[in-house]
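So the chains spell out like this:
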Amino acid sequence: MKIKTLYLVWAFIVLIISHGCKTKDNNTNSIEGKVEALLSEMTIEEKIGQMNQYNGFWDVTGPAPSGGDAKMKYEHIKKGWVGSMLNVRGAKQVREIQKLAVEGSRLGIPILFGLDVIHGYKTIAPIPLAEAASWDLKAIKKSARTAAIEASAIGINWTFAPMVDVSRDARWGRVMEGSGEDPYLGAKIGIARIKGFQGKDLSAPNTIAACAKHFAGYGFAEAGRDYNTVDIGTSTLYNIILPPFKAAVENNVKTIMNSFNILNGIPSTGNASLMRDILKDEWGFKGFVISDWASIAEMTQHGFSKDLKDAAEVAVKAGCDMDMESYGYIKYLAELVKAGKVDEKLIDDAARRILRVKFELGLFDDPYKYCNEEREKELIYHKDHMEAALDMARKSIVLLKNEKQLLPLKKNQKKIAVIGALAADKNSPLGSWRIGSDDNTAVSVIEGLKNHKVSFSYAKGANLVIEQPTFTTVVKINKTDKSGFPEAVKLAQSSEVVIMVLGEHGFQTGEGRSRTDLGLPGVQQELLEAVYKVNRNIVLVLMNGRPLTITWADEHIPAIVEAWQLGTQTGNAVAQVLFGDYNPSGKLTMSFPRSVGQVPIYYNHYSTGRGNNVEGNVFWSHYIDESNSPLYPFGYGLSYSKFDYSNLTIDDTDKNKIKVSVTVTNSSKTAGEEVTQLYIHDRTASVARPVKELKGFKKYRLAPDESKTITFELGPKELGFYNNNGKFIVEKGDFDVMVGSNSQSGLKGEFTL
Ligand code: NOJ
């Protein structure tokens, strides 16, 4: 068997070398040379085959294709008609299919195996929105690296992450998968994730190709309803939506996924101006673009393409290189080329891009490099991964309120009550995109407290769900059963402090999980109020995948901790924060609205012509029943330390390098980490600029009474913007600058460019 494998590897190398010999490119050792050589051997059907991705035979992350098509897929692999598969996992399973392609097809081109490894494979890290709240790029990079190590050990060589869609609408369920509302921070986080997944050497056996998605505008779905229409202006497109994608391309992301939505009337999947003009021509993207699940076929439903054949033609012309589950390319592209409707050069270009990534991954050197069962056993749930997940979980927690320093709780605190179904839940904290994880593998809050040697009594109060949901089912929330209330109220009555763990189920956010109500689901708000009536000493631990409208809680509850869905290590991280073994340092990356009526709400909005409240005047931009401001702004988060800002200095002598400094002092007795943020406002511009834009941040630790000077540099990159033709320009003029600990408070200054 081994000898046979060796022979095959040798034969394969000979094959590749002989490809190289036939090419006109003299540099047959270069990846480009190898790609060209291979391309020249391929039939049109084989090239189109590279552009075809099928779902695995047993698992789906989209609506399942009707009828069993496993046999057809097997046949297509043998013909060399399958470039990639998604949702096939496990070293053994991947090896089987890879073998079919490598040993069973004419040219033996290895398959790319893609999977949504979004925040971990088996060891689950916090949901991406939570990780973003850490503002810790190193930790985020490490989290992606850990995910890549586990995923690559089960045969995966390509993840459909990071999602770099900016979103301002908490109703949209997929905000959990992104980095929040800011393009500057979103770009930095996207880069960190790409570097984590792809590593320094893409051909190493533990690095995988990343995919920046969804290009473009998916996060701006109207009314926050997933897959809905996107209709936005050019300034938003160029300055908010595109920058994280551009940053991804500049940082060598290997693939881009387009999106389900129409953007100003054109489906993104068929949008040549996005994929050809901007992405490939202007930005020089060398990797390939994959459609989203069936998004080529869906162009007919958008009223844009006549039928699947037309959709395939439009998509390939627009620059979509690979078809995920529409079956449009494999069915019609050859015919379209033969009929002269599609230029074969487009097929060559797409196949070339896909083959290039395969060569870069080193799949031609060893197609089975990700299929080592020993490695799989060794690395899944590895101790180091657990530690990384714990660290990331702690860093993701945001302290929203801490009146009279109720937190941290004392280790010897007596009579602690823990209330809420989520406190005992081992599944929900894994979040929505935990495709590879095993059910019920999160450390629950209750377990975390026990691990932490805390004594407490527990009462559920009420079920959150009536049925255990799954990735593909709609969550059924308990809206009526309050039978557990009396027990919880009684427990609270006899306790000194109550930890209430409330929020959303992990499957209430994510794809297809939009909500119109952003309050605590089900009977939880009533439970909170019932407990509050008998004991006001409440620490509310929130678990959710999006900003919630917790206005009542903010008014009444003394301590609120945002604990998102923190993954495998949830309970341990929460216990460490509640009892002061970890000092929280997270800051929100999405504004929390007071009411759903304020949504979309975001800090970097424009000024209106009527922004000022003059007493008694009704004709200004406001609501008559709610304030304009968010409940908790972007960048906001408390700490057990206290940070004071002083001494803002601005040196604008060198207009290419304006220096802004502040002194930050930890005036408390607790060491802690602060995230200092710098915002600018370009007062007058040829295209009006937002009231504030984040242009720098630094995270650092300060010992008690320690002071530090934090310095930022602003250059053309930070001070310019895209005009409505998509051209980056820098305009002279006056700027306001603010440096502080969140988007609404800080020291203010100004400079002139
Ligand atoms: C649809 C989602 O929009 C996309 O993000 C994901 O990668 C694919 N399904 C594959 O699962």
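Each value, and the rule that gives it
Residues numbered from 1 in each chain as written. Predicted model: local features only at pLDDT ≥ 70, side-chain atom pairs only at ≥ 80, totals over all residues. Heavy atoms only, no water. Helix = DSSP H or I, 4+ residues; strand = E, 2+ residues; numbered from the N terminus. Rg over C-alpha atoms; globule rule 2.2 N^0.38 Å. Buried < 20%, exposed > 50% of the residue type's maximum accessible area, 1.4 Å probe, protein only. Areas by Shrake-Rupley, 256 points an atom, 1.4 Å probe, with all protein chains shown as cover. Lys, Arg positive; Asp, Glu negative; His and termini not counted. Charge placed at Lys NZ, Arg CZ, Asp CG, Glu CD. Pairing = 2+ DSSP bridges. Axes fitted to C-alpha atoms, helices over the stretch in contact; angles between N-to-C directions. Contact = heavy atoms within 4.5 Å. Left-handed = near helix turned anticlockwise from the far one by under 90°. Nonpolar A, V, L, I, M, F, W, Y, C, P; charged D, E, K, R; others polar. Salt bridge = Lys/Arg side-chain N within 4 Å of Asp/Glu carboxyl O. Phe/Tyr/Trp six-rings, centres within 6.5 Å; stacked < 30°, edge-to-face > 60°. Lys NZ or Arg CZ within 6 Å of the ring centre and 35° of its normal. Domains from an automatic or database assignment. Buried area = accessible area lost by both parts, 1.4 Å probe. Polar contact = N/O pair within 3.5 Å; in protein donor to acceptor, adjacent residues only side chain to side chain. Parallel < 35°, antiparallel > 145°, perpendicular 65-115°, else oblique. Patch = residues over 30% accessible without salt bridge, like charges linked within 9 Å, V, L, I, M, F, W, Y side chains within 5 Å. Disulfide = S-S within 2.5 Å.

1. Some points on the overall build of the chain
Step number 1: A count of helices and strands for the chain gives 23 helices and 25 strands.
Step number 2: By the compact-globule yardstick of 27 Å for 753 residues, the chain fits well, its C-alpha radius of gyration being 27 Å.
Step number 3: Across its three principal axes, the chain shows a C-alpha extent of roughly 75 × 60 × 50 Å.
Step number 4: In the chain, which comprises 753 residues, the proportion classed as buried is 63%.
Step number 5: As presented, the chain carries roughly 28,800 Å² of accessible surface, and 51% of it is formed by carbon and sulfur atoms.
Step number 6: Charge centroids of the chain, computed over 91 positive and 88 negative side chains, lie 3 Å from each other.

2. Some words on the sheet that holds strand S13 (residues 457-459)
Sheet strands associate in pairs through backbone hydrogen bonding, adopting either a parallel or an antiparallel arrangement.
Step number 1: A sheet is described by the order of its strands in space; here 6 strands give the open sequence S11-S16-S15-S14-S12-S13, paired in mixed fashion. Pairing within the sheet leaves two strands with one partner each, and these edge strands are strand S11 (398-402) and S13. Each strand axis lies, on average, 20 degrees off the axis of its neighbour in the sheet, ignoring direction.
Step number 2: Pairing geometry for S11 and strand S16 (residues 559-562), over 4 bridges, is antiparallel. If you follow Leu-399 over to S16, its bridge partner there is Val-561.
Step number 3: Each of strand S12 (416-419), strand S14 (497-503) and strand S15 (538-543) touches helix H20 (residues 524-534); the most contacted strand, S14, lies at about 170 degrees to it.

3. Some points on the packing of helix H19 (residues 485-493) against H20
Step number 1: Where H19 contacts H20, the two axes come as close as 8 Å, and the packing angle between them is 35 degrees. Considering how the two elements wind past one another, H19 and H20 form a crossing that is right-handed. On the side of H19, the interface is formed by Phe-485, Ala-488, Val-489, Ala-492 and Gln-493, while H20 contributes Glu-526, Leu-527, Ala-530, Val-531 and Val-534.
Step number 2: Residues that form the contact of H19 with H20 fall into these classes: 8 nonpolar, 1 polar and 1 charged.

4. Focus: the pattern of salt bridges
Side-chain pairing between opposite charges can occur once the charged atoms of the two side chains come close.
Step number 1: This model, assessed by the stated rule, comprises 44 salt bridges.
Step number 2: In this structure, Lys-401 engages Glu-403 in a salt bridge whose closest nitrogen and oxygen atoms are separated by 3.4 Å.
Step number 3: Owing to a relative accessible area of 12%, Lys-401 belongs among the buried residues under this scheme.
Step number 4: We classify Glu-403 as partly exposed; its relative accessible area is 39%.

5. What about the packing of aromatic side chains?
Step number 1: Following the criterion strictly, the structure yields 21 aromatic pairs and no others.
Step number 2: Taking 5.0 Å as the distance between ring centres and 90 degrees as the angle between the ring planes, the aromatic pair formed by Trp-172 and Tyr-218 counts as edge-to-face. With a gap of 46 residues between them, Trp-172 in the loop between strand S4 (158-159) and helix H8 (183-198) and Tyr-218 in the loop between strand S5 (211-215) and helix H9 (234-241) connect regions that are remote in the sequence.
Step number 3: Of the residues examined, Tyr-218 reaches a relative accessible area of 1% and is grouped as buried.
Step number 4: Three or more aromatic residues joined by ring pairs form one cluster here, namely Trp-135, Tyr-184, Tyr-603, Phe-634, Tyr-679 and Phe-697.
Step number 5: A cation sits over an aromatic face here: Arg-513 above Phe-471, 5.9 Å from the ring centre.
Step number 6: Above the face of the Phe-712 ring, Lys-698 is positioned so that its terminal group lies 5.2 Å from the ring centre.

6. A few points about the pairing of S5
Step number 1: Here S5 lies mainly inside the structure; 5 of its 5 residues are buried.
Step number 2: Inspection of the sheet shows S5 paired to strand S6 (residues 255-258) by 4 bridges, in the parallel sense. Counted as the bridge partner of Lys-213 is Met-257 from S6.

7. Looking at the environment of Gly-436
Step number 1: Mapping Gly-436 onto the fold places it in the loop between S12 and helix H18 (445-451).
Step number 2: Among the residues examined, Gly-436 registers a relative accessible area of 2% and is labelled buried.
Step number 3: Residues Gly-436 and Glu-32, 404 residues apart in the sequence, show an inter-C-alpha distance of 35 Å.

8. With respect to the sheet that holds S6
Step number 1: Pairing within the open sheet is parallel, and its 3 strands lie in the order S5-S6-S9. Strands at the two margins of the open sheet, each flanked by one partner only, are S5 and strand S9 (288-290). Neighbour-to-neighbour, the strand axes of this sheet turn through a mean angle of 25 degrees, independent of strand direction.
Step number 2: Contacts from helix H10 (residues 243-250) reach S5 and S6 within the one sheet, and its direction differs from that of S5 by about 150 degrees.

9. Details of the domain arrangement of the chain
Step number 1: Domains assigned within the chain are domain 1 (51-376), domain 2 (392-597) and domain 3 (643-752).
Step number 2: On the domain 3 side, the residues contacting the 14 residues of domain 1 number 15 residues.
Step number 3: Note on domain 1 versus domain 3: buried area summed over both sides is about 1,200 Å², and carbon and sulfur give 59% of it.
Step number 4: Seen at the junction of domain 1 and domain 3, the total is 0 salt bridges.
Step number 5: At the boundary of domain 1 with domain 3, the tally comes to 4 residue pairs in polar contact (both at pLDDT 80 or more).
Step number 6: At the level of elements, H8 and H9 are the ones that each hand at least two residues to the side of domain 1 that touches domain 3.
Step number 7: Sorting elements by how many residues they give to the side of domain 1 that touches domain 3 places H9 first, with 4 residues.
Step number 8: Partitioned by chemical class, the residues of the side of domain 1 that touches domain 3 number 5 nonpolar, 4 polar and 5 charged.

10. Topic: the packing of H9 against H10
Step number 1: Axis separation between H9 and H10 bottoms out at 5 Å; the angle between their running directions is 40 degrees. Regarding the angle of H9 to H10, the classification is oblique. When H9 is examined against H10, the residues Leu-237, Tyr-238, Asn-239, Ile-240 and Ile-241 are found in contact with a partner set consisting of Pro-243, Pro-244 and Phe-245.
Step number 2: Taken together, the residues of the contact of H9 with H10 break down into 7 nonpolar, 1 polar and no charged.

11. Some remarks on a nonpolar patch on the surface
Step number 1: A contiguous nonpolar patch, built from Val-618, Phe-619 and Ile-624 and spanning about 380 Å² of accessible area, is present on the exposed surface.
Step number 2: Summarising the element assignment, Val-618 is placed in the loop between helix H22 (570-578) and strand S17 (643-651).

12. Side note on the side chain of Ser-432
Step number 1: With respect to the element layout, Ser-432 can be found in the loop between S12 and H18.
Step number 2: Judged by its relative accessible area of 1%, Ser-432 is buried.
Step number 3: Not counting chain neighbours up to four residues away, the residues in contact with Ser-432 comprise Met-176, Phe-471, Gly-506, Phe-507, Thr-509 and Gly-510.

13. Brief notes about the environment of Ser-40
Step number 1: Assignment of secondary structure puts Ser-40 in helix H2 (residues 31-41).
Step number 2: Residue Ser-40 is classed as exposed on the basis of its relative accessible area of 52%.
Step number 3: As a C-alpha pair, Ser-40 and His-76 span 36 residues in sequence and 21 Å in three-dimensional space.
Step number 4: Engagement of the side chain of Ser-40 in a polar contact is seen with the backbone oxygen of Ala-37, the distance being 2.6 Å.

14. Let's talk about the environment of Tyr-238
Step number 1: Within the fold, Tyr-238 resides in helix H9.
Step number 2: Non-local contacts of Tyr-238, meaning those with residues more than four positions away in its chain, are made with Pro-243, Ile-278, Tyr-722, Asn-723, Asn-724, Asn-725 and Gly-726.

15. Brief notes about the state of the cysteines
Step number 1: The final tally for this structure, using the stated rule, is 0 disulfides.
Step number 2: Of all cysteine sulfurs in the structure, the one in Cys-320 sits closest to Cys-211, which takes part in no disulfide; the separation is 11 Å.

16. With respect to the side chain of Arg-174
Step number 1: As for its placement among the helices and strands, Arg-174 is situated in the loop between S4 and H8.
Step number 2: Residue Arg-174 is classed as buried on the basis of its relative accessible area of 1%.
Step number 3: Within the local environment of Arg-174, its side chain forms a polar contact with the side chain of Tyr-218, the two groups lying 3.1 Å apart.
Step number 4: Setting aside its immediate chain neighbours within four residues, Arg-174 contacts Met-163, Lys-213, His-214, Tyr-218, Asp-226, Trp-433, Gly-510 and Glu-511.

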